[in-house]
Amino acid sequence: MPRPWPRRPRLVAGNWKMNKTAEEGARLAREVVTAAGRSSAALALCPPFTALAAVQPIVASTGVLLGAQNLHPEPRGAFTGEISGPMLVALGCRCVIVGHSERRHGMGESDAQVAAKLRAALQGGLMPIVCVGETLREREAGETDAVLARQVEASFTGLPPDELAGSVIAYEPVWAIGTGKVASPQQAADAHLTIRATLNRCAGAGAGEAMTVLYGGSVSPQNAAALFAEEQLDGALVGGASLEAASFLAIAEAAGGA
Ligand code: 13P
């Protein structure tokens, strides 16, 4: 079937989660940037806060984007232990993960808090990578589409076109994260279609087709090519496999070549 829209640029982002000291992160970043040019996909590395300053000079001027894993909705203030968007920008961050399921489910982050963080990221000039996704219970109860629609609407309703254009969504089914149980390409594509249809409804016609939507959840060098063969998938948010340069780069190459 011919594409109804030109291919969106591809992005592969590594979410290191709570892994890598500054020194370990710098070593991994060096390995990634030396071979990053082999993929035509854009690449982003999201180290923990404590490794951002060490990774920044390594990715600077390579085209690999530096990203953080979270931010506070307020730019400054009495919020012990928190990090703000302006602080991330000052460290050279270009993007930030917002609403990861480990924060929604592990830290009780609500749809409203995720929406506030999305706006804070955009205000600071950071590209938010907003994570959405259903739990296994929700999938088995047939609630996947409703959960995705609720999460997308909560964040994106009424967002102006320029802010939409500066945002990315990652579909991360909670049951696929860190479990080795990857969504099938068809399951991922169906979820991406739901996300795009919701955007068209809540943010304006065409918003869905224009949005970069990544898939995340047990992406590996073994399953990446089959996932990226789906036109709906614009790249990946990679957890475990981003902790080794070889596996992250193999996924990036699969995204770039598909
Ligand atoms: P895994 O790739 O380890 O399943 O993690 C996915 C993820 O949560 C990326 O944000």
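So, how was this worked out
Residues numbered from 1 in each chain as written. Predicted model: local features only at pLDDT ≥ 70, side-chain atom pairs only at ≥ 80, totals over all residues. Heavy atoms only, no water. Near = heavy atom within 4 Å. Polar contact = N/O pair within 3.5 Å; in protein donor to acceptor, adjacent residues only side chain to side chain. Areas by Shrake-Rupley, 256 points an atom, 1.4 Å probe, with all protein chains shown as cover. Salt bridge = Lys/Arg side-chain N within 4 Å of Asp/Glu carboxyl O. Helix = DSSP H or I, 4+ residues; strand = E, 2+ residues; numbered from the N terminus. Buried < 20%, exposed > 50% of the residue type's maximum accessible area, 1.4 Å probe, protein only. Pairing = 2+ DSSP bridges. Right-handed = clockwise from strand over helix to strand, strands pointing away. 1 Å grid on protein atoms, 1.4 Å probe; cavity = no way out; pocket = protein on both sides within 12 Å on 5 of 7 lines; lining within 4 Å. Points joined across faces, edges and corners; volume = space filled by probe spheres on them. Nonpolar A, V, L, I, M, F, W, Y, C, P; charged D, E, K, R; others polar.

### Some words on the site of the ligand
Next, step 1: In the vicinity of the ligand, the contacting residues are N15, K17, H100, E172, A176, I177, G178, G217, S218, L237, G239 and G240.
Next, step 2: Measuring from an oxygen atom of the ligand, one finds a side-chain N or O atom of N15 at 3.0 Å.
Next, step 3: E172 has a polar side-chain atom sitting 2.9 Å from an oxygen atom of the ligand.
Next, step 4: Out of a free accessible area of 300 Å², the ligand has 95% covered by protein chains.

### Quick look at the pattern of salt bridges
Opposite charge on two side chains lets them pair, provided their charged atoms get close.
Next, step 1: Taken as a whole and assessed by the stated rule, the structure comprises twelve salt bridges.
Next, step 2: Note that R8 is salt-bridged to D234, the shortest N-O span being 2.8 Å. With R8 in the segment before β1 (11–15) and D234 in the loop between α11 (224–228) and β8 (235–238), the pair connects residues that are 226 residues apart, well separated along the chain. In this pair, the class of R8 matches that of D234, namely buried.

### Remarks on the pairing of β1
Next, step 1: For β1, the buried fraction is high: five of the five residues fall into the buried class.
Next, step 2: Residue alternation in β1 divides its side chains into two sets, L11, A13 and N15 and V12 and G14, and both sets are buried.
Next, step 3: Sheet analysis places β1 next to strand β2 (residues 42–46), joined by five bridges and oriented parallel. Bridge pairing in β2 places V12 opposite L43.
Next, step 4: Running through helix α1 (residues 22–35), the crossover from β1 to the neighbouring parallel element β2 is right-handed.
Next, step 5: One ladder, built from four bridges, connects β1 with β8; its direction is parallel. Residue pairing for β8: A13 is matched across the bridge by L237.

### Brief notes about empty space enclosed by the protein
Next, step 1: With the rule as written, the count across this model stands at one cavity of 30 Å³ or more.
Next, step 2: The space that makes up the largest cavity amounts to roughly 40 Å³.
Next, step 3: Along the walls of the largest cavity sit G99, S101, R104, H105, C131, V132, G133, Q151, E172 and V174, which together make up its complete lining.
Next, step 4: Contributing elements (two or more residues each) for the lining of the largest cavity: α4 (101–104) and β5 (127–132).
Next, step 5: Residue composition of the lining of the largest cavity, grouped by class: three nonpolar, five polar and two charged.

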